[in-house]
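Spelled out, the chains give:
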Amino acid sequence: MHRLTGKTGEDSLIEMSPTDSFSDDVNGYHHHASSSTGSPEQGRSEFALTPDVRVESCESLNNSLASLAPSDHSDSPQFAPQTIEQINALTGFSRKRALFLTFRSRIDKQKYSKDSVFFRDGVRRIDFVLSYIDDKDDQRKQERRRVYESNLQKVGLELETEDKTESEDGKTYFVKIHAPWEVLATYADVLKIKVPFKVNDIPDNSEIPMNWLSTPFRLPGHIMNPEPDYFTAPFNKSKSDFFLIEDKETFFPPSTRNRIVYYILARCPYFKDECGDRDKKGIKRLLNNGTYTAAFPLHDSRYWTKSKDPNCESERFSLYKYWAKFFCFFKEQPLNLVRKYYGEKIGIYFAWLGFYTEMLFFAAVVGTICFVYGFLTYDDNEWSKEICSEEIGGNIVMCPLCDQKCTYWRLNITCNSSWQSHLFDNVATVFFAIFMGIWVTLFLEFWKRRQARLEYEWDLVDFEEEQQQLQLRPEYETKCTNRKLNRITQEMEPYLPITSKCARICLSGATVLLWISLIIACIIGVIAYRLAVYASFASIMKNNTATNLDVVAPYVTPQLATSVTASCINFVIIMILNLLYERVAIKITDMEIPKTHVEYENKLTVKMFLFQFVNYYSSCFYVAFFKGKFVGYPGNYTYMFGSSKLRNEECEPGGCLIELTTQLVIVMTGKQVWGNIQEALVPWLMNWWGSRKARSHPESLYSRWEQDYDLQGFGQLGLFYEYLEMVIQFGFITLFVASFPLAPLLALINNIIEVRVDAWKLTTQFRRPVAAKAHSIGAWEEILGGMAVLSVVTNAFIVAFTSDMIPRLVYMYAYRTHDELNMKGYINNSLSVFNISQFSLEERPEEYPSWFNSSITTCRYRDYRYPPDDKKRYEHNMQFWHILAAKLAFIIIMEHVVFMVKFFVAWMIPDVPSDVRARVKRERYLVQEYLHNYEVEKLKIQLSQNSNNECTCTPMIYPSLSKHEVLSECL
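Going by what an unreviewed UniProt entry lists, the protein chain is known as Anoctamin and is assigned to Haplochromis burtoni. Annotation of the protein chain in UniProt includes, under Sequence similarities (unreviewed entry), the sentence "Belongs to the anoctamin family."

Caption draft 1: Geometry of the overall build of the protein chain. For the protein chain, the count of helices and strands is 32 helices and 18 strands. Counting the 971 residues in the protein chain, one finds 52% classified as buried. The long-range fraction of contacts in the protein chain, counting pairs at least 24 apart against all pairs at least 6 apart in sequence, stands at 78%. Entry remark: accessible area of the protein chain is about 45,700 Å², with carbon and sulfur atoms responsible for 59%.

Caption draft 2: Quick look at the sheet that holds strand β7 (residues 172-178). Across the sheet, four strands lie side by side as β6-β7-β5-β10; this open sheet has antiparallel pairing. The open sheet has two edge strands, β6 (158-162) and β10 (294-296), and neither has a second partner. The average angle at which neighbouring strand axes cross in this sheet is 20 degrees, direction not considered. Inspection of the sheet shows strand β5 (residues 128-133) paired to β7 by six bridges, in the antiparallel sense. Within the sheet, the bridge partner assigned to Y132 lies in β7 and is Y173. In the packing of helix α6 (residues 139-155) onto the sheet, the strands contacted are β5, β6 and β7, and the crossing angle to β5 comes to about 165 degrees. Each of β5 and β7 touches helix α10 (residues 254-265); the most contacted strand, β5, lies at about 45 degrees to it.

Caption draft 3: Main features of the state of the cysteines. Tallied over the entire structure, the rule returns three disulfides. With its sulfur 1.8 Å from that of its partner, C388 forms a disulfide with C415. Between C388 and C415, the S-S dihedral sits near 100 degrees, and the bridge is therefore right-handed. You can see C388 sitting in helix α15 (residues 382-388) and its partner C415 sitting in helix α16 (residues 415-424), a full 27 residues away along the chain. For C388, a relative accessible area of 22% translates into the label partly exposed. Through a disulfide, C399 is tied to C859; the S-S separation comes to 1.9 Å.

Caption draft 4: Highlighting helix α25 (residues 718-735). An ideal rise of 1.5 Å per residue puts 26 Å on 18 residues; α25 measures up with 26 Å between its terminal C-alpha atoms. For α25, the buried fraction is high: 17 of the 18 residues fall into the buried class.

Caption draft 5: Structural view of helix α27 (residues 779-802). With 24 residues, α27 should reach 34 Å at 1.5 Å per residue; the first-to-last C-alpha distance of 32 Å fits that figure. The largest bend along α27 reaches roughly 25 degrees and is located at L790.

Caption draft 6: Spotlight on the packing of aromatic side chains. A full pass over the atoms with the stated rule returns 70 aromatic pairs. Taking the centre distance of 6.3 Å and the plane angle of 90 degrees together, the rings of W181 and F235 count as edge-to-face. Pair noted here: W181 is in helix α7 (residues 181-191) and F235 is in the loop between β9 (230-234) and α9 (248-251), with a separation of 54 residues, a long-range link. This pair shows no difference in class: W181 is buried, exactly as F235 is. When the centroid spacing of 5.7 Å and the interplanar angle of 75 degrees are considered together, the rings of F361 and F362 count as edge-to-face. Its relative accessible area of 46% is what places F361 among the partly exposed residues. Note on F362: relative accessible area 48%, which makes it partly exposed. The ring of Y263 is capped by R267, whose NZ or CZ atom sits 4.0 Å from the centre of that ring.

Caption draft 7: Main features of the pairing of β7. Most of β7 is tucked away, with seven of its seven residues classed as buried. The side-chain alternation of β7 yields two buried faces, one formed by T172, F174, K176 and H178 and the other by Y173, V175 and I177. In this sheet, β7 lies alongside β6 in antiparallel orientation, the contact comprising five bridges. Looking across to β7, one finds that E162 is bridged to F174.

Caption draft 8: Representation of the pattern of salt bridges. Across all of its chains, the model carries 31 salt bridges by this definition. In this structure, E344 and K773 form a salt bridge, with 3.2 Å as the shortest nitrogen-oxygen distance. Taken together, the residues E344 in helix α14 (residues 344-376) and K773 in the loop between α26 (743-765) and α27 connect sequence positions 429 residues apart.

Caption draft 9: Representation of the nonpolar core within the structure. With 142 residues, the main nonpolar core has W352, Y356, W439, Y617, F732 and W780 as its most contacted residues. Ignoring anything within four residues of it in the chain, the contact list for Y356 reads W439, F443, M726, Q729, F730, I733 and N751. Core analysis: the next-biggest nonpolar cluster, separate from the first, contains 47 residues, Y173, I177, F251 and L286 among them.

Caption draft 10: The arrangement of the UniProt feature "transmembrane region" (unreviewed entry) in the protein chain in detail. The UniProt record annotates "transmembrane region" (unreviewed entry) at residues 349-376, 427-447, 512-540, 560-581, 730-753 and 880-909. Structurally, residues 730-753 is divided into 71% helix and 0% strand, and its ends, taken at the C-alpha atoms, are 16 Å apart. Between the C-alpha atoms that bound residues 880-909 there is a distance of 43 Å. The span itself is 97% helix and 0% strand.

Caption draft 11: Structural context of the packing of helix α17 (residues 427-457) against helix α30 (residues 878-908). Relative to each other, α17 and α30 sit at 25 degrees, their axes nearing to 9 Å. The angle between the axes of α17 and α30 places the two elements in the roughly parallel class. For the crossing formed where α17 meets α30, the hand is right-handed. Counting all contacts with α17, which are made through V430, A433, I434, G437, I438, T441, L442 and E445, the residues of α30 involved are F890, M894, V898, V901, K902, V905 and A906. Residue composition of the contact of α17 with α30, grouped by class: 11 nonpolar, two polar and two charged.

Caption draft 12: Representation of a nonpolar patch on the surface in the model. On the surface, F217, F326, F327, F329, F330, I749 and I753 cluster together to form a nonpolar patch covering roughly 710 Å² of accessible area. Positionally, F326 belongs in the loop between α12 (315-324) and α13 (335-342). Judged by relative accessible area, F326 falls into the partly exposed class, the value being 41%.

Caption draft 13: Representation of the environment of D869 in the model. Positionally, D869 belongs in the loop between β18 (858-862) and α30. Take D869: its relative accessible area is 70%, and that puts it in the exposed class.

Caption draft 14: Layout of the side chain of E445. With respect to the helices, strands and loops of the structure, E445 is situated in helix α17. Relative accessible area serves as the criterion here: at 7%, E445 is assigned to the buried category. Once residues lying within four places of it in the same chain are set aside, the contact partners of E445 are A906, I909 and D911.

Caption draft 15: Up close: the environment of L724. With respect to the secondary-structure elements, L724 resides in helix α25. For L724, a relative accessible area of 4% gives the class buried.

Caption draft 16: Up close: the side chain of R267. With respect to the helices and strands, the residue R267 is situated in the loop between α10 and α11 (283-288). On the accessibility criterion, R267 (6% relative accessible area) is buried. A distance of 3.5 Å separates the side chain of R267 from the backbone oxygen of Y263, its partner in a polar contact.

Caption draft 17: The arrangement of unusual backbone geometry in detail. The backbone of I593 shows a phi angle near 55 degrees, a positive value even though the residue is not glycine. In this fold, I593 is placed in the loop between α21 (558-592) and α22 (597-625). Positive phi values are uncommon outside glycine, yet Y874 reaches one of about 65 degrees. Position of Y874 among the secondary structure elements: in the loop between β18 and α30.

Caption draft 18: The arrangement of the packing of α13 against α14 in detail. Two numbers describe how α13 lies on α14: the axes approach to 7 Å, and their chain directions differ by 150 degrees. Here α13 is positioned roughly antiparallel relative to α14, judged by the angle of their axes. Crossing of α13 against α14: the hand is right-handed. Counting all contacts with α13, which are made through L335, V338, R339 and Y342, the residues of α14 involved are E344, I346, G347, F350 and A351. Taken together, the residues that form the contact of α13 with α14 break down as six nonpolar, one polar and two charged.

Quick notes on the rules
Residues numbered from 1 in each chain as written. Predicted model: local features only at pLDDT ≥ 70, side-chain atom pairs only at ≥ 80, totals over all residues. Heavy atoms only, no water. UniProt positions renumbered as here; feature names shortened; annotations may be inferred. Helix = DSSP H or I, 4+ residues; strand = E, 2+ residues; numbered from the N terminus. Buried < 20%, exposed > 50% of the residue type's maximum accessible area, 1.4 Å probe, protein only. Contact = heavy atoms within 4.5 Å. Areas by Shrake-Rupley, 256 points an atom, 1.4 Å probe, with all protein chains shown as cover. Pairing = 2+ DSSP bridges. Axes fitted to C-alpha atoms, helices over the stretch in contact; angles between N-to-C directions. Disulfide = S-S within 2.5 Å. Expected span 1.5 Å × (residues − 1). Bend = angle between axes of the 7 residues up to and from the residue. Phe/Tyr/Trp six-rings, centres within 6.5 Å; stacked < 30°, edge-to-face > 60°. Lys NZ or Arg CZ within 6 Å of the ring centre and 35° of its normal. Salt bridge = Lys/Arg side-chain N within 4 Å of Asp/Glu carboxyl O. Core = buried A, V, L, I, M, F, W, Y, C linked by side-chain atoms within 4.5 Å. Parallel < 35°, antiparallel > 145°, perpendicular 65-115°, else oblique. Left-handed = near helix turned anticlockwise from the far one by under 90°. Nonpolar A, V, L, I, M, F, W, Y, C, P; charged D, E, K, R; others polar. Patch = residues over 30% accessible without salt bridge, like charges linked within 9 Å, V, L, I, M, F, W, Y side chains within 5 Å. Polar contact = N/O pair within 3.5 Å; in protein donor to acceptor, adjacent residues only side chain to side chain.

Laid out in structure tokens, this is it:
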């Protein structure tokens, strides 16, 4: 072997020399004619219908049609003379098209079927497909393809081209790629892919009590465990007989094969040796500049039926039948089959999503119980009774909520909202907030254990080091022109100078800050809308005089109408900003030139999450922690932007919690509904429209590569958006769960649908993604941990400052005016008094309600201040400071208790289960032992052969050592 073109050895591929050719006895087939492996630019004038029949023109095709009627194909239909006459009546492309389709229907009943994952010989498997539309006027693209495919052949890949006349649109070429054993073995060695060398001999003694209860949720054994459990070791080409190789053609599964081929495609240059342009390399650049239209591995069958080829696994059909159908929502996921078909990276995502959904069940049950408690204690809500009563709430006159346009109002018009607020603002809220703080810790700790088990079962132990060392991004290799010596490997490697790296990071950070500032500006605009529109709603709804509002007026207050409309506008702004920022985040991450794929995804993850965090949660933070906190008091109100006429919003007498709940429900539910529609409906419609013509063709003519070409591309960041969607949802159910205990239930319902929607679209609507490895969920794990800590703080502040729980408890235990321990008199105690004669002209209402008269001299407002006849009038009274102290004390106590429990639970639960730790040690021990024995046996054979040729004495071989002496270091 020798190296293919390149200035240095680090970024070059391995070229197979003639001495390394793929002999018949190794690969199990003979080489085909050059038409199968030649450049796709060759022979394009041919009308390639079958491997044996090629026609130069419509006239020769006509003759061929007539010649296909002999008796050697007696089971095939004869073409009637009138049929040929009808075809001859056509002209131009229509005639040629009709001839082609007529001929295709003729060969439909022959043995050859194009719905296959093999070359025309039926032996060599198609590992990858490239497609392009030939533009004869663009010589540069033709030259790129010719050089690129020639270089692929030099590396050892075998190509077979399907002419454009074979495609549905009559203009798309398909280049099928096959990787022979020699190429697979070479790059499996380079990539250190783990393969089996011994059947796992550790018995599985894990027995679940009452296991029979889970029978309805189980899948068949061959679906859950499609492969036996093996001990594995990194593949070594020079020791291939050490591994369990029964059939070289099936030893590497299709997911591993397409991963190896993509590794070659991503690094293969499309320049000649004499050019040496380092930047012209990789399939990604060829896709970007339009040289190729698509590059993808093939699905192994149609999703609704098994392949007719007995050599095809039809794993896609099994995934659809047992996993992607919605009516399988109560079944377990076949994660091992998902991993085998799609690779570890997609498998680990579905494992995490399934585990997250299972844990949500417990949070949803407790949240529902808390909501039911609020519903059952509906009649015990003393303060709502006081608000709704004519004697108390009907006689309390409240101060106007805005200047001039708003008028005086009676407290009892907020009766319905106070009852609704009790459903979420009760004693159970405190318990649920503490429970969710502990639940988050349990979720993260148990996921670490689950992840550790998957790392072992899927051969991902010690994967991170391999990923960092071997999987450099091709973009990094081409854009980093500087080289430096690696002190460990003593080889020259590309690197990015520190000055360039710092400049790129600073520019990237400034861009992210600019977009976050744009979000904050939009949120301020929404707040200004709330302040400006509230007066309009108040003037429309006042006195319930509008007959068309008589039905809804008792239920829809100006505050509620403002909150709902502002939430909807905020949701639309969120969606628009998301669409714009996604492209910006990808561009600035590309600009930073990350070194590895893991580093690229982590950088993009941080950028996207920071933006999404501010975008989705800023409105909820405003309602929870700012609205109603900086209002002032009548006669001395606080205004937005200082001297503007936009007075800061006040909370209703029942508090701002119900408004936070409204905001949370609209944004969270709207995002989930929109996300599911976007994920499922849009790809389905695009695929339906793109394949509308091909659906009428027989299965044997609608080729496997054309079927997949008509599907949507999954994209390198497809999985990233799935994680982002779930992490944003995780924030909603943890950061603000104290305001809406039903949030985990909504998330649970959504996730049950989400698992099947993601499985359905991945199996039926998208091309098969290139398999990739990942040992964890990456940077998302750190983000979830940070949100878990932040959720304890936010829920403590919500209970203390947004909810009315603390003021009620302070009143009941310290300020009640009667001996009974209840909440009677709380409403009157929580409202301060203002003398209406002290309103300025700018604040005084323009109109007064019909029930208002001169005997009303005061109005009430929500605060704890001295009355107007006191010498400290309108200053905060002692009860205000007592309540503030109680709130701060509650926050400190709750945070410390929850954090102590969190850290204790995290300390008690080990990240790696003991049986997994034992299995990892056992596997490492066996690798060392078997490799040692293997080398000793080879040395014995070699020395015995030498002794037969040189001397008759028995050579001294290593003494028989015990396993503990040989491998004590391993243990």
